[in-house]
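Below, each chain spelled out in residue letters.
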Amino acid sequence: MTAMARAENKAEASGVAHLVALLAKALREQQGLTQVELGKLTGYTGSAISAMETCAQPASDKMLAKLEEQVGGGLGVFEEARKWMLLEKYPTRFRGFAEIEAEAVTLSSYETLVVDGLFQTEAYARALIGGGYPPVSEQKREELVEARLARRKLFDRDPAPMIELIVEEGVLRRPFGSWDVQREQLRSLAEDSRRDNVCVQVLPMDRGLRGTYAGARGAMKLVVTKDHEHVVYMEIEDQGILVSDPPEVSQLTHRYAKIRAQALSPDDSLSLIERLAGEER
């Protein structure tokens, strides 16, 4: 890591990252450990521990888990910090929704341009984030990838939420990174669609030829919260919009239902995804 990158990381480090750094150093010193010794216990170098304690390289999710195990003393502070560190890695516009998504009872998404973030593979997410504009630093890209992949915990949460995805066929045909990355993403999407609590449907590219097409106004996410409230989340040019007004939510829910009715069945959608995943380019 260059000196410039370290300085940039320190300047951008969140309040949670600074608090974690202070706690880690205090607990390390309380237990009479050097940075090198703590590094050996956690599987990191002494330099990595030093970088964490100065916020030149804030703790990753994996490091937080190791810190909890080795110096946490049963307090649970590093385990609790994992949630907040990941949350602060999301773009500001998404943080409020990320908390809602993590505890959703039902999550229904319609995506028009890229594979929904919840379903993305690491390689697809890295290619998508790394190729965006304005460009981000390598460190920021990796933080965003880590945060995005962490959302996949929702698939295996207990109790399991019901997750539904309607994706435009064009998304399945639009590669990011390479065709190998795209094929891996499609195979992963097919695998996820076989989960008992997941339903994936594809809205065909030729749907507009039938005279009706309900998806023209863009992507949306419908959520039933843990308190059984209904909200809708949308993003437009880096602006996050959370809709909770019942009449507006009702209208968007009806539009989503129409989009779902116009999509291929789950079985036909899976067949299409698997066929495209097997195509050589």
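What you are looking at is a predicted structure, and each value in this text was computed from that prediction instead of being measured.

**Q** What exactly am I supposed to notice about the overall build of the chain here?
**A** Broken down by element type, the chain carries 13 helices and six strands. Taken along its principal axes, the extent of the C-alpha atoms in the chain is 70 × 45 × 35 Å. The long-range fraction of contacts in the chain, counting pairs at least 24 apart against all pairs at least 6 apart in sequence, stands at 71%. Here the chain displays about 14,700 Å² of accessible surface, and carbon together with sulfur accounts for 52% of that area. Averaging the coordinates of the 36 positive side-chain charges in the chain and doing the same for the 44 negative ones gives two points 3 Å apart.

**Q** What am I meant to see in the sheet that holds strand 5 (residues 230–236) here?
**A** Working definition: the strands of a sheet are paired by backbone hydrogen bonds and lie parallel or antiparallel to each other. One open sheet holds the six strands; their spatial order is 3-2-1-4-5-6, and the pairing between them is mixed. Sheet topology places strand 3 (198–203) and strand 6 (239–243) at the edges, where each strand pairs with a single neighbour. Pairwise comparison of adjacent strand axes, ignoring direction, gives a mean angle of 15 degrees for this sheet. Where strand 1 (residues 106–111) lies against strand 2 (residues 162–168), six bridges are found, and the strand directions are parallel. Looking at strand 2, one finds that E111 is bridged to V167.

**Q** Whenever I open this one, helix 7 (residues 92–102) confuses me. Can you help?
**A** Along an α-helix, residues three or four positions apart point the same way, because every turn accommodates 3.6 residues. For helix 7, the full list of buried residues reads F94, F97, A98 and E101. For helix 7, the arc enclosing every buried residue in end-on projection is 120 degrees, short of the 170-degree limit, so these residues lie on one face.

**Q** Looking at this structure, how should I read the packing of aromatic side chains?
**A** Geometry of an aromatic ring pair is reported as the spacing of the ring centres plus the angle between the planes. Inspection of the entire model under this criterion finds five aromatic pairs. Pairing F94 with F97 gives two aromatic rings, centres 5.6 Å apart and planes at 65 degrees, and the pair type is edge-to-face. With a gap of three residues between them, F94 and F97 both fall in helix 7, about one helical turn apart. Overall, F97 belongs to the buried group, its relative accessible area being 2%. On the basis of relative accessible area, F94 is assigned to the buried category, the value being 7%.

**Q** What is the right way to look at the environment of V71 in this model?
**A** Mapped onto the elements of the fold, V71 is located in helix 5 (residues 61–71). Taking the C-alpha atoms as reference, V71 lies 45 Å from I166; in sequence the two are 95 residues apart. When residues no more than four places from it in sequence are discounted, the contact partners of V71 are L27, Q31, L33, L38 and F78.

**Q** Hey, could you run me through the pairing of strand 4 (residues 220–224) in this one?
**A** Taken across its five residues, strand 4 has five buried, putting it largely inside the fold. By the alternation rule, side chains of strand 4 split into M220, L222 and V224 and K221 and V223, which are all buried. As paired elements, strand 4 and strand 5 share four bridges and run antiparallel to each other. Looking at the pairing, K221 lines up with Y233 of strand 5.

**Q** Before we go on, may I ask you to explain the pattern of salt bridges in this structure?
**A** Where side chains of opposite charge bring their charged atoms close, a pairing between them can arise. Enumeration over the complete set of coordinates arrives at 19 salt bridges. Taking the shortest distance from any N to any O, the salt bridge between E53 and R28 comes out at 2.7 Å. You can see E53 sitting in helix 4 (residues 46–53) and its partner R28 sitting in helix 2 (residues 15–30), a full 25 residues away along the chain. Relative accessible area serves as the criterion here: at 7%, R28 is assigned to the buried category. One salt bridge connects D156 with R195, and the closest N-O pair in it is separated by 3.0 Å. With D156 in the loop between helix 9 (138–150) and strand 2 and R195 in the loop between helix 11 (179–193) and strand 3, the pair connects residues that are 39 residues apart, well separated along the chain. Taking relative accessible area as the criterion, D156 reaches 59% and is therefore assigned exposed. What you see here is one network of salt bridges that share partners, running through E122, R126, R141 and E142.

**Q** Any chance you could explain the side chain of S109 here in plain terms?
**A** Within the secondary structure layout, S109 lies in strand 1. Discounting residues that sit within four places of it in the chain, S109 has contacts with D116, E164, L165, I166, M220, K221 and Y256.

**Q** Looking at this structure, how should I read the side chain of T225?
**A** Looking at where T225 falls in the secondary structure, it is placed in the loop between strand 4 and strand 5. Judged by its relative accessible area of 10%, T225 falls in the buried class. Filtering out sequence-adjacent residues up to four positions away, T225 remains in contact with I100, V105 and V231.

**Q** Hey, could you run me through the nonpolar core in this one?
**A** The nonpolar side chains of a soluble globular protein tend to be buried, and buried together. With 32 residues, the main nonpolar core has L118, F119, I163, L172, L189, V200 and I273 as its most contacted residues. Breaking this core down by element, the ones donating at least two residues are helix 7, helix 8 (122–130), strand 2, helix 10 (169–173), helix 11, strand 3, strand 5 and helix 13 (266–277). The element that contributes the greatest number of residues to this core is helix 13, accounting for five residues. In terms of nonpolar packing, the next biggest core, distinct from the first, is built from 20 residues, V20, A21, A24 and L27 among them.

Thresholds, definitions, all that
- Residues numbered from 1 in each chain as written.
- Predicted model: local features only at pLDDT ≥ 70, side-chain atom pairs only at ≥ 80, totals over all residues.
- Heavy atoms only, no water.
- Helix = DSSP H or I, 4+ residues; strand = E, 2+ residues; numbered from the N terminus.
- Contact = heavy atoms within 4.5 Å.
- Areas by Shrake-Rupley, 256 points an atom, 1.4 Å probe, with all protein chains shown as cover.
- Lys, Arg positive; Asp, Glu negative; His and termini not counted.
- Charge placed at Lys NZ, Arg CZ, Asp CG, Glu CD.
- Pairing = 2+ DSSP bridges.
- Axes fitted to C-alpha atoms, helices over the stretch in contact; angles between N-to-C directions.
- Buried < 20%, exposed > 50% of the residue type's maximum accessible area, 1.4 Å probe, protein only.
- Arc of directions from axis to C-beta.
- Phe/Tyr/Trp six-rings, centres within 6.5 Å; stacked < 30°, edge-to-face > 60°.
- Salt bridge = Lys/Arg side-chain N within 4 Å of Asp/Glu carboxyl O.
- Core = buried A, V, L, I, M, F, W, Y, C linked by side-chain atoms within 4.5 Å.

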